[in-house]
Amino acid sequence: MKRGNVIKPILPILGLTLTLLSCNKASEQAHGVIKVPSQIITVNEPTDKMAEIINNSDLAIDEKQGNISVYNHYASNFIIAIDPGHQAKGNFELEPIGPGASQSKAKVASGTCGVSTKVPEYKLTLEVSLKLREELLARGYNVFIIRETDDVNISNRERTVMATEARADIFVRIHADGSENSSINGILTICPTIHNPYISQLYVQSRALSDYILNAMVAVTGAKKRGVSEVDNMSGINWSTIPVTIIEMGLMTNPTEDKLMQTEEYQQKLVIGIADGIEQYFIRNDIVY
Ligand SMILES: [Zn+2]
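Source: prediction; values computed, not measured.

Chemist: So what's going on with the overall build of the protein chain? Residues and values would help.
Modeler: Secondary structure assignment for the protein chain yields nine helices and ten strands. Counting across all 289 residues of the protein chain, residues that qualify as buried make up 44%. Pairs at least 24 apart in sequence give 77% of the contacts found in the protein chain among residues at least 6 apart.

Chemist: Tell me about helix α5 (residues 156-165), and please be specific about residues and values.
Modeler: Within α5, the full set of buried residues consists of Asn 156, Arg 157, Arg 159, Thr 160, Met 162 and Ala 163. Where the residues of α5 are buried, they touch β3 (79-84), β4 (91-96), β5 (104-108), β6 (142-145), β7 (170-177) and α7 (235-238). Positive backbone phi, approximately 60 degrees, marks Arg 167, located one or two places after α5.

Chemist: Please set out the sheet that holds strand β9 (residues 225-230) residue by residue, giving values where relevant.
Modeler: Taken in spatial order, the six strands make up an open sheet running β6-β3-β7-β10-β8-β9, and their pairing is mixed. Bordering the open sheet on either side are β6 and β9, each of which pairs with just one other strand. Sheet twist, expressed as the average angle between the axes of neighbouring strands with direction ignored, equals 20 degrees. Where strand β8 (residues 187-191) meets β9, five bridges bridge the pair, whose relative direction is parallel. Bridge assignment links Ile 187 to a residue of β9, and that residue is Lys 225. In the packing of helix α4 (residues 121-138) onto the sheet, the strands contacted are β3, β6, β7 and β10 (244-251), and the crossing angle to β7 comes to about 140 degrees.

Chemist: Explain the environment of Leu 270 to me, and be specific about the residues and the numbers.
Modeler: Within the element layout of this structure, Leu 270 appears in helix α9 (residues 264-288). A count of 25 C-beta atoms within 10 Å places Leu 270 in the buried class. A C-alpha to C-alpha distance of 7.9 Å links Leu 270 and Val 128, two positions 142 residues apart in sequence. Beyond its immediate chain neighbours, meaning those up to four positions away, Leu 270 contacts Val 128, Met 217, Thr 221 and Met 249.

Chemist: Give a detailed account of the pairing of β6, specifying residues and quantitative values.
Modeler: Neither face of β6 is left uncovered, since the one carrying Asn 142 and Phe 144 and the one carrying Val 143 and Ile 145 both have all their residues buried. Sheet topology note: the β3/β6 ladder contains four bridges and is parallel. Across the sheet, the residue bridging to Ile 80 is Val 143, located in β6.

Chemist: Now, about the environment of Leu 202: what can you tell me, with residues and values included?
Modeler: Residue position: Leu 202 is located in the loop between β8 and α6 (203-221). On the basis of neighbour counts, which here come to 20 C-beta atoms within 10 Å, the residue Leu 202 falls in the buried class. Not counting chain neighbours up to four residues away, the residues in contact with Leu 202 comprise Pro 192, Ser 240, Pro 243 and Val 244.

Chemist: Quick rundown of the nonpolar core? Include the residues and the values.
Modeler: Counting 56 residues, the largest nonpolar core has Ile 80, Ala 81, Ile 82, Ala 168, Val 172, Ile 213 and Ile 274 as its most contacted members. At eight residues, the largest contribution of residues to this core is made by α9.

Chemist: Which residues make up the environment of Leu 209, and what values go with them?
Modeler: As for its position among the elements, Leu 209 is in helix α6. Residue classification places Leu 209 among the buried residues on the basis of 29 C-beta atoms within 10 Å. Each residue touching Leu 209, except ones within four places of it in the same chain, is listed here: Ile 170, Pro 243, Thr 245 and Tyr 281.

Chemist: If you had to explain unusual backbone geometry to someone new, which residues and values would you point to?
Modeler: Its identity is not glycine, yet Lys 118 carries a phi of approximately 65 degrees, on the positive side. Looking at where Lys 118 falls in the secondary structure, it is placed in the loop between β5 and α4. Under the C-beta neighbour-count criterion, Lys 118 is labelled exposed, with 9 such atoms within 10 Å. Positive phi, normally seen in glycine, also occurs at Arg 167, with a value near 60 degrees. With respect to the helices and strands, the residue Arg 167 is situated in the loop between α5 and β7.

Chemist: Could you give me a rundown of the confidence of the model for the protein chain, with the residues and numbers involved?
Modeler: Chain-level statistics for the protein chain give a pLDDT mean of 80 and a share of 73% at 70 or above. Across residues 1-47, where pLDDT falls below 50, the model places 74 contacts with residues more than four positions away in sequence or in other chains. Segment residues 67-73 is flagged for pLDDT under 50; beyond a separation of four residues in sequence, or across chains, it makes 15 contacts in the model.

Chemist: Pulling in residues and values, what's your account of α6?
Modeler: A rise of 1.5 Å per residue sets the reference length of α6, with its 19 residues, at 27 Å; its end C-alpha atoms lie 27 Å apart and thus fit the reference within 8%. Listing the buried residues of α6 in full gives Ser 206, Leu 209, Ser 210, Tyr 212, Ile 213, Leu 214, Ala 216 and Met 217. Positive backbone phi, approximately 75 degrees, marks Gly 222, located one or two places after α6.

Scoring rules and cut-offs
- Residues numbered from 1 in each chain as written.
- Predicted model: local features only at pLDDT ≥ 70, side-chain atom pairs only at ≥ 80, totals over all residues.
- Helix = DSSP H or I, 4+ residues; strand = E, 2+ residues; numbered from the N terminus.
- Buried ≥ 20, exposed ≤ 12 C-beta atoms within 10 Å, placed from the backbone.
- Contact = placed C-beta atoms within 7 Å.
- Pairing = 2+ DSSP bridges.
- Axes fitted to C-alpha atoms, helices over the stretch in contact; angles between N-to-C directions.
- Core = buried A, V, L, I, M, F, W, Y, C linked by C-beta atoms within 7 Å.
- pLDDT = per-residue confidence, 0-100.
- Expected span 1.5 Å × (residues − 1).

Below you can see the structure in the form of structure tokens.
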């Protein structure tokens, strides 16, 4: 969402005088210029969750008041693209790892598998992604989800194209990790490096998105914080045209975490953490517009 080129008059809201910022996407949608993909579900009733997060944050009073007004008016104009990682069958045909790249990688890898539960990663990622969609809709956001079934064949590059065509503001890719060391556990997020040859212009926002989501997830779940990994060899990052993060929710090769990630209670914590992180990202980015 780009803001700042058209400013509406100052309006009194919540007994305060605040300047409202504009939203290109909102006005374009209102005039029917943009064809919104049918998968996007719109909810125009934002909740008080944002106000709660802002009030608990370390923002200055003016920022809190200003951003509450922005949220109340514009949360429904954000579109979040969710990519449930992998699919029932990997596709090992090759595609370039980025625009103009000479290096290629498999279109979609198979993903990992639960060492105890035997649940494949693609099932876990879809389950959590569908819950995340519900949570974000309940908070007033629009959501575009890349897949709703396991039986698809969509390459990592194609997923970024879908997110772009959906006019999403951010691309959140849901994965779980695997390791030869079964004792490793915890949450990791991934973004490009500042020197990424394809999307270095999205580094700052992608890093911020990765940080906010990681921190919020760790706060809600109590999981170990593995940090933000910056890499340039991920097709689903390099082809992105919007701020992007990969969330490695936990280690499916760690028996305890594998079983935990299959519980309803823990999945809900993961979802709340991701949604909190996304909201914090939007709040903080609003300040610089
Ligand atoms: Zn994965």
